[in-house]
Amino acid sequence: MKLDFDKLGGLIPAVIQDDQTGRVLMVGFMNEEAFQKTVETGFATFYSRTRNKLWMKGETSGHRWW
């Protein structure tokens, strides 16, 4: 799969859905580094545009999605 990180200034939208119901749980953005980290670790990693850094879903709450 070829993802185009150039269209939105280096970001792609990432939609997190419940695999059983299809319900959308969250929408965030990933840059290429966040996408690679998600693939490598199996845990959803996003790019925060306001904090200008990566963050892993559940790093503070403990609610991780994989």
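As a convention, each chain's residues are numbered from 1 in the sequence order in which they are written. For this predicted model, a pLDDT threshold of at least 70 governs which residues receive local features, and a threshold of 80 or more governs which side-chain atom pairs are given and counted, while totals over whole chains, interfaces and linings are taken from all residues. With hydrogens and water stripped out, all remaining heavy atoms of the structure feed into the side-chain values.

1. Considering the overall build of the protein chain
Put simply, DSSP H or I for four residues or longer makes a helix, DSSP E for two residues or longer makes a strand, and each gets a number counted from the N terminus. Looking only at helices and strands, the protein chain features 1 helix and 4 strands. Counting only contacts in the protein chain whose residues sit at least 6 apart along the sequence, the fraction spanning at least 24 positions is 17%. For the protein chain, the computed accessible surface area is about 5000 Å², with 50% contributed by carbon and sulfur atoms. Throughout, a contact is declared for two residues whenever any of their heavy atoms are within 4.5 Å. Only the protein chains shown count as cover for residues, and the accessible areas themselves come from Shrake-Rupley with a 1.4 Å probe.

2. Some remarks on unusual backbone geometry
You will see that Asn-52, though not glycine, has its phi angle at about 55°, which is positive. With respect to the helices and strands, Asn-52 occurs in the loop between strand 3 (45-48) and strand 4 (53-56). Three labels apply to residues, based on accessible area from a 1.4 Å probe with only protein chains included: buried if under 20% of the type maximum, exposed if over 50%, partly exposed otherwise in between. On the accessibility criterion, Asn-52 (56% relative accessible area) is exposed.

3. What about the pairing of strand 1 (residues 12-17)?
Side chains Ile-12, Ala-14 and Ile-16 project from strand 1 onto a buried face, and the interleaved Pro-13, Val-15 and Gln-17 project onto a face without burial. Pairing analysis gives 6 bridges linking strand 1 to strand 2 (residues 24-30), with the strands arranged antiparallel. In the strand pairing of strand 2, Ala-14 is matched with Gly-28. The rule for pairing is simple: two strands pair if DSSP sees at least two bridges between them.

4. Thoughts on the environment of Phe-29
Looking at the element boundaries, Phe-29 is found in strand 2. Given the relative accessible area of 23%, Phe-29 is considered partly exposed. C-alpha separation for the pair Phe-29 and Leu-54, spaced 25 residues apart in sequence, amounts to 9.9 Å. With residues up to four places along the chain from it excluded, the contact list for Phe-29 reads Leu-8, Leu-11, Ile-12, Pro-13, Phe-46, Tyr-47 and Arg-49.

5. Comments concerning the side chain of Thr-45
With respect to the helices, strands and loops of the structure, Thr-45 is situated in strand 3. The residues contacting Thr-45, other than those within four sequence positions of it, are Met-30, Ala-34, Lys-37, Thr-38, Leu-54, Trp-55 and Met-56.

6. Here we look at the environment of Glu-32
Mapped onto the fold, Glu-32 is located in helix 1 (residues 32-41). Setting aside residues up to four positions removed in sequence, Glu-32 forms contacts with Phe-5 and Gly-10.

7. Quick look at the nonpolar core
Buried Ala, Val, Leu, Ile, Met, Phe, Trp, Tyr and Cys residues that are joined via side-chain atoms within 4.5 Å together make up what is termed a nonpolar core. In terms of nonpolar packing, the biggest core is built from 11 residues, these being Leu-3, Phe-5, Ile-12, Ala-14, Ile-16, Met-26, Met-30, Ala-34, Ala-44, Phe-46 and Trp-55. Looking at this core, the elements with two or more residues in it are strand 1 and strand 2. With 3 residues, the top contributor of residues to this core is strand 1.

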